[in-house]
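Here are the chains, one letter per residue:
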Amino acid sequence: MIRSSHFRRIGGAFSFQRKRPKWSTQLFLALFAFFSWQTNGFSETHIDTLLRNYVDLRFGMMMHFNMDTYYPSEWALGRHSPLVWNPDSLDCGQWARAAKAANMKFGLLTCKHHDGFVIWQSNVTPLVSPAYTIKQSSKPTMDVVQAYCDSFRAYGLLPGLYFSMYDVAQGIGGPGGTNYPTTTWTAAQKAYLLGQITELCTNYGPIPLFCFDGWAWCMGQKNFPMDVVRDTIRKMQPNCVITDHNGLMRGPWGGEDFFMVEEPKKIFCPSGNTYASSQDQTITGSWFYNGSSNLNTLSDIVTTHLNVLEPRYCNYLLNCPPNTHGKLDAAIVSRLTEVGATWIPNAQRARLPTQPPRIENPVVPVSAIGGTNPGNAIDGKMDYGSETDWTGTVGGTITLDLGSAVSNIGAFGYLPSQAGAYTTTSTAGEITTHTIAVSTDNSTWTTVVNNGAWAATNNPKVDTFPPSTARYVRLTIGAVNSGTPTASEFGVGTRPGPTTISDNTSMQVKQSLSSGQLARKFIGKRIDIPNEFIGKTVSVQIYTTSGKLISHDRINASGTGHIEEKGLRSEGSYIVRFNIVR
């Protein structure tokens, strides 16, 4: 048996066809090895691996760098002349060096903020003419995203991308300022945003982190369903973790992999937290560049933040805004150098604990019936101070309609009311006992959770149950902690069911040995390595037959020529892709 080392990382190890291949195989392998660690066999899910990798990064640089760099007192107020955009000394290498000096491990760049200005070479046809991109600016051939990704990788740092769904320039999310609309996105608007997301996920190599903003707090994730967006990213970037800058502090929700705490809203990752998480703050007091005369102190960065957040499994994202020339001010660079000379990650911190059940594969309901304001229970709208709640009754029900029958429904989530959750620990209205049933016709019901129990806390709760085919999912409330049952959201998700196949022979699916690649279908838990790969270093990716990535490994293919794949939970049919990596 080949003893394989499961590489734990979030950089991605797939072969991407990029328009501008600028980084070398050697760098790819260096990043591959740098963000990895070894265990015996596969003992956790793919997403758990990614989250453990993510929180082990500890410290990262957020960079608000966009049109508001030139208008720092504004906030999503609409178009300016794109010619104003003129970073005449752009130096992403300087950003990377400063991050490296501070012992940071990753970055997060505002590729597009709420005003809608795009700082990469986008070819998506605009909905509102003229286009509002870097192509119309004073630097029409510049691609900041490319320069950033290349520079951060060159210094061994991982490049994450920030993307605003709210886009004033294209009329997505309504007018600027604070006048948030209640209308839904159109099909054309959704296609426009998915086109931009696709460009970011295909043109710039492996992207370990994708952070949305202007979504749950603006129009809600139901209007542009999280399952559509998540599936789009996962197909192109299977090793990317996804979050939404939505102000939710108590755990990931709605298909997000982890939650992000926005500290300028006067909230802080709570003591004892064991969810994978991030907290962001800005070093200057402003998200976009507005001078650097009032920087956070060394003690604030190290003692108040890094030393406190690290044991809470919360990465610290420190926003360091570049100036109008495209460089960090010398004062910021100096402060980051001081941080690196003072703080190093705690190598003795225990690994991220096993994460609570979550809705990894959301299915967004099209409607809901029962209680007061049932639409609020599925609108995906949440943020600090603007939660929209549903209320019910003890013994009452709420039924979620998925629009059509969906196979493998196996998760139901409950997000208690988050109104006031940042300033109070009240658990009034918390549902504590419940029953869940599913149906394909809204007439015949099958109980999948009987007398279920939830703790009276503000954290998200998720029940898992044997996968079922369902169009309707119904919650019956058994008891409440006190007062009237309330909820910010209810959610539904799928879980993969057992895979069966009629024969038990290996079958070739696709072959391209000239490129050092081979994909085959295998049965059971014993994965045979083709003879062509024996004696070589091989990347092994294992998928379900529906195309979901289960695990990713790098092995030295020698010995008996097979792997005992302990991570596969049942005998079944799997697609295994082999790639020679050197």
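Refer to the preceding data block for the structure.
Calculation notes
Residues numbered from 1 in each chain as written. Predicted model: local features only at pLDDT ≥ 70, side-chain atom pairs only at ≥ 80, totals over all residues. Heavy atoms only, no water. Helix = DSSP H or I, 4+ residues; strand = E, 2+ residues; numbered from the N terminus. Buried < 20%, exposed > 50% of the residue type's maximum accessible area, 1.4 Å probe, protein only. Contact = heavy atoms within 4.5 Å. Areas by Shrake-Rupley, 256 points an atom, 1.4 Å probe, with all protein chains shown as cover. Axes fitted to C-alpha atoms, helices over the stretch in contact; angles between N-to-C directions. Parallel < 35°, antiparallel > 145°, perpendicular 65-115°, else oblique. Nonpolar A, V, L, I, M, F, W, Y, C, P; charged D, E, K, R; others polar. Salt bridge = Lys/Arg side-chain N within 4 Å of Asp/Glu carboxyl O. Polar contact = N/O pair within 3.5 Å; in protein donor to acceptor, adjacent residues only side chain to side chain. Core = buried A, V, L, I, M, F, W, Y, C linked by side-chain atoms within 4.5 Å. Pairing = 2+ DSSP bridges.

Section: the overall build of the protein chain
Within the protein chain, the secondary structure is distributed over eight helices and 24 strands. Counting only residues that meet the buried cut, the protein chain has 58% of its 582 residues in that class. Taking all contacts inside the protein chain whose residues are at least 6 apart in sequence as the whole, residues at least 24 apart take part in 77%. Of the roughly 21,700 Å² of accessible surface on the protein chain, 50% is carried by carbon and sulfur atoms.

Some details on the packing of helix α3 (residues 92–101) against helix α8 (residues 330–342)
Two elements in contact, α3 and α8, have axes whose closest approach is 7 Å; the angle formed by their N-to-C orientations is 30°. Between α3 and α8, the angle falls in the class roughly parallel. Residues Gln 94, Ala 98 and Ala 101 of α3 form the contact with α8, whose participating residues are Val 333, Leu 336, Thr 337 and Gly 340. Of the residues contributing to the contact of α3 with α8, the split by class is four nonpolar, three polar and no charged.

Some details on the pattern of salt bridges
Evaluation of the coordinates by the stated rule reveals 13 salt bridges. For Glu 262, the salt bridge identified is with Lys 265, shortest N-O distance 3.5 Å. Among the residues examined, Glu 262 registers a relative accessible area of 11% and is labelled buried. The partner of Lys 461 in a salt bridge is Glu 430, and the shortest N-O contact between them spans 3.5 Å. With Lys 461 in strand β15 (residues 461–480) and Glu 430 in the loop between β12 (397–415) and β13 (431–439), this residue pair connects regions lying 31 residues apart in the sequence. In terms of burial, Lys 461 and Glu 430 fall into one category: buried. Look at the salt bridges and you will find they share partners, linking Asp 56, Arg 58, Glu 310 and Arg 349 into a network.

Looking at helix α4 (residues 144–154)
For α4, the tally of buried residues reaches nine of eleven residues, placing the bulk of the element in the interior. Buried residues of α4: Val 144, Val 145, Gln 146, Tyr 148, Cys 149, Asp 150, Ser 151, Phe 152 and Arg 153, and no others. One side-chain oxygen at the N-terminal end of α4 lies 3.2 Å from the backbone nitrogen of Val 145; it belongs to Asp 143. Positive backbone phi, approximately 75°, marks Gly 156, located one or two places after α4.

A word on the nonpolar core
If you look at the biggest cluster of nonpolar residues, it comprises 79 residues, and the most contacted ones within it are Met 61 and Trp 95. The element best represented in this core is helix α5 (residues 187–202), accounting for six residues. Within the second largest apolar cluster, 26 residues are counted, among which are Val 363, Ile 431, Val 473 and Ala 487.

What to know about the sheet that holds strand β4 (residues 209–213)
One open sheet holds the eight strands; their spatial order is β5-β4-β3-β2-β1-β8-β7-β6, and the pairing between them is parallel. What marks the edges here is a single partner per strand, and that holds for β5 (241–244) and β6 (259–262). Across the sheet, the mean angle separating the axes of adjacent strands is 25° when strand polarity is ignored. Looking at chain direction, strand β7 (residues 277–282) and strand β8 (residues 314–319) are connected through six bridges and run parallel. Pairing of Gln 279 across the sheet is with Tyr 316, part of β8.

Some words on the environment of Trp 185
Along the chain, Trp 185 turns up in the loop between β3 (158–164) and α5. In the structure, Trp 185 is positioned 37 residues away from Lys 222 in sequence and 10.0 Å away in space, judged by C-alpha atoms.

Some thoughts on unusual backbone geometry
Following Ser 129, the chain continues into Pro 130 via a peptide bond in cis, with omega recorded as 0°. With respect to the helices and strands, the residue Pro 130 is situated in the loop between β2 (106–112) and α4. At Arg 58, a position not held by glycine, the phi torsion is positive, near 70°. By the secondary structure assignment, Arg 58 is in the loop between α2 (46–55) and β1 (59–63). Using a relative accessible area of 10% as the deciding quantity, one classes Arg 58 as buried.

Here's the deal with the environment of Arg 250
Tracing the backbone shows Arg 250 in the loop between β5 and β6. Owing to a relative accessible area of 17%, Arg 250 belongs among the buried residues under this scheme. Taking C-alpha positions, Arg 250 is 7.1 Å from Pro 460, a pair spaced 210 residues apart along the chain.

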